[in-house]
Amino acid sequence: MDYHVKEASLAEKGQLRIEWAARSMPVLRSIRERFAKEKPLQGMRVSACLHVTTETAALAQTLKTGGAEVRLCASNPLSTQDDVAASLVVHDGIAVFAIKGEDTDTYYRHIHQALAHAPQITMDDGADLVTTLHADKRDLLRGILGGTEETTTGVIRLRSMADQGVLGYPIIAVNDAKTKHLFDNRYGTGQSTIDGIIRATNRLLAGSTFVVSGYGWCGRGVAMRAAGMGAKVVITEVDPLRALEAVMDGYQVMPMAEAARIGDFFCTLTGDIHVIRREHFEVMKDGAIVANSGHFNVELDLEALAAMAVAKRPVRDFVDEYRLLDGRCLYVLGEGRLVNLAAAEGHPSSVMDMSFANQALCVEHLAKHAQTLENKVYGVPEAIDREIARLKLKSMGVTIDQLTDEQKKYLHSWEMGT
């Protein structure tokens, strides 16, 4: 079998960790049980560019159980869990191309290897696989039925492609599912980002000033968790509505030019470029800690910081010290890559249960209905979203009310007033 992982001998450790994660993924498990009986993906070739974690392993196993031939590569050079990659190869016979810390050339070579079986369905997290297809492998486009996209950054790129008329096949924006972004983005990113920052630094958040750039669902999650640990949270935003929400939620809101002077911790979650720039680094406190939890490290202008620095050295795992001419030291976590996966293990499996249930059911939907779709970015069908919420509640032992016939009639009528 074709694969490229760090070390096959890590497989046993990886298998145990995959089993541990799967215990908290009951929705995906129920889908896998159905897939085992129905084989809805029989003969389908799936190329996936996702963070190679224990939770992704459970998704890959589910797709294979449904009959798919899966090839998997990493969607970030620092997000791979090497023991998990080894286990998928050794125990599940899934072709994996991912090594934690791989350089850029290896990263893109792995993407090309994941595409080597001429996929019919793609799964992406950040759209690097899709853009590689459109730039370098256009001959494969005619055989692709459709794809899915996991994260906000990727959806932004794909909608741009669709708007410009260059998107070669339909893609479902899994990120837009309510059972994804309201939970994965908020609770998953919130907990795992704080986890990554603390693992990397072992610094106390209580009493510190914690600057969060971007108040989308990911930013809300991080702000909520930082505040819960005793930090004074400052929000920077460009959207007046989100800024107003942050104010109403009890946070200070100010421009980055002001926040840069007072912050002890900084975390960007915007999906945009150069959110923290030279002029911000120039006024930061000695000892300020800078991290990014957006998909790409471009949110931090690390080239400008490197040009300002007179010395750079690693001082802890995933912590680089930049010493400036005036003696101040600034610390960047995880090379500016998404800190929750670079320095920690990513989202807890119980929240990824819903995200990857969306992925599995959307792949099934594409296998059945892709021929009826145009080359656009689609939302997750509401029936899938609601079914995942129902299954999650059931797994938690939670029951809810049902509308009475009278209530259903009222909601569909207009006659009754005051």
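Everything discussed here concerns the structure shown above.
Reading guide: rules and limits
Residue numbering note: each chain is counted from 1, following its sequence as written. The predicted nature of this model means local features are confined to residues of pLDDT at least 70 and side-chain atom pairs, given and counted, to a pLDDT of 80 or more, with totals for whole chains, interfaces and linings taken over all residues. Only hydrogens and water are set aside; all other atoms, that is, all heavy atoms of the structure, feed into the side-chain values. Where helices and strands are cited, they refer to DSSP runs of H or I of at least four residues and of E of at least two residues respectively, numbered from the N terminus. Expected span of a helix: the number of residues minus one, times 1.5 Å. The rule is simple: take the accessible area with a 1.4 Å probe, protein chains only, and divide by the maximum for that residue type; under 20% is buried, over 50% is exposed, in between is partly exposed. When checking whether two residues touch, look at their non-hydrogen atoms; a contact exists if any pair is within 4.5 Å. The pairing criterion is simple: DSSP has to find at least two bridges between the two strands. Axis lines are fitted through C-alpha atoms, for helices just across the contact stretch, and the angle between N-to-C directions can take any value from 0 to 180 degrees. Note that the arc is computed from the directions linking the helix axis to the C-beta atoms.

What to know about helix α9 (residues 217–228)
Now for step 1: Helix length check: α9, at twelve residues, gives a terminal C-alpha distance of 16 Å against a target of 16 Å (1.5 Å per residue), a fit within 8%.
Now for step 2: Of all the positions in α9, only Cys218, Gly219, Arg220, Gly221, Val222, Ala223 and Ala226 are classed as buried.
Now for step 3: In this structure, the buried residues of α9 make contact with α8 (178–201), β7 (209–213), β8 (232–236) and α10 (240–248).
Now for step 4: Once α9 finishes, glycine 230 follows within two positions and takes phi at roughly 95 degrees, a positive value.

Notes on the pairing of strand β12 (residues 309–316)
Now for step 1: Judged from the six bridges that link them, β12 and strand β13 (residues 319–324) form a sheet pairing that is antiparallel. Pairing of lysine 312 across the sheet is with tyrosine 322, part of β13.
Now for step 2: Between the antiparallel neighbours β12 and β13 lie two residues, among them phenylalanine 318 with a positive phi of about 65 degrees.

Observations regarding the sheet that holds strand β14 (residues 329–333)
Strand pairing in a sheet is mediated by backbone hydrogen bonds. Such pairs are either parallel or antiparallel.
Now for step 1: The strand order β9-β8-β7-β10-β11-β14-β13-β12 describes an open sheet built from eight strands, whose pairing is mixed. Two strands bound the open sheet, and with one partner strand each, they are β9 (252–253) and β12.
Now for step 2: Pairing between β7 and strand β10 (residues 265–268): four bridges, direction parallel. Counterpart to phenylalanine 210 in the pairing with β10 is phenylalanine 265.
Now for step 3: Sheet contacts for α9: β7 and β8; angle to β7, the most-contacted strand, approximately 170 degrees.

Structural notes on helix α1 (residues 11–22)
Now for step 1: A rise of 1.5 Å per residue sets the reference length of α1, with its twelve residues, at 16 Å; its end C-alpha atoms lie 16 Å apart and thus fit the reference within 8%.
Now for step 2: Along α1, the residues that are buried comprise Ala11, Gly14, Ile18 and Ala21. Here the buried residues of α1 occupy an arc of 80 degrees about the axis, which is enough to place them on one side. The exposed set on the far side of α1, more than 90 degrees from its buried face, consists of Lys13, Leu16 and Trp20.
Now for step 3: The secondary structure elements touched by the buried residues of α1 are α3 (54–65), α4 (82–92) and α15 (349–369).

Interpretation note: all reported values are geometric properties and have no functional meaning in isolation.
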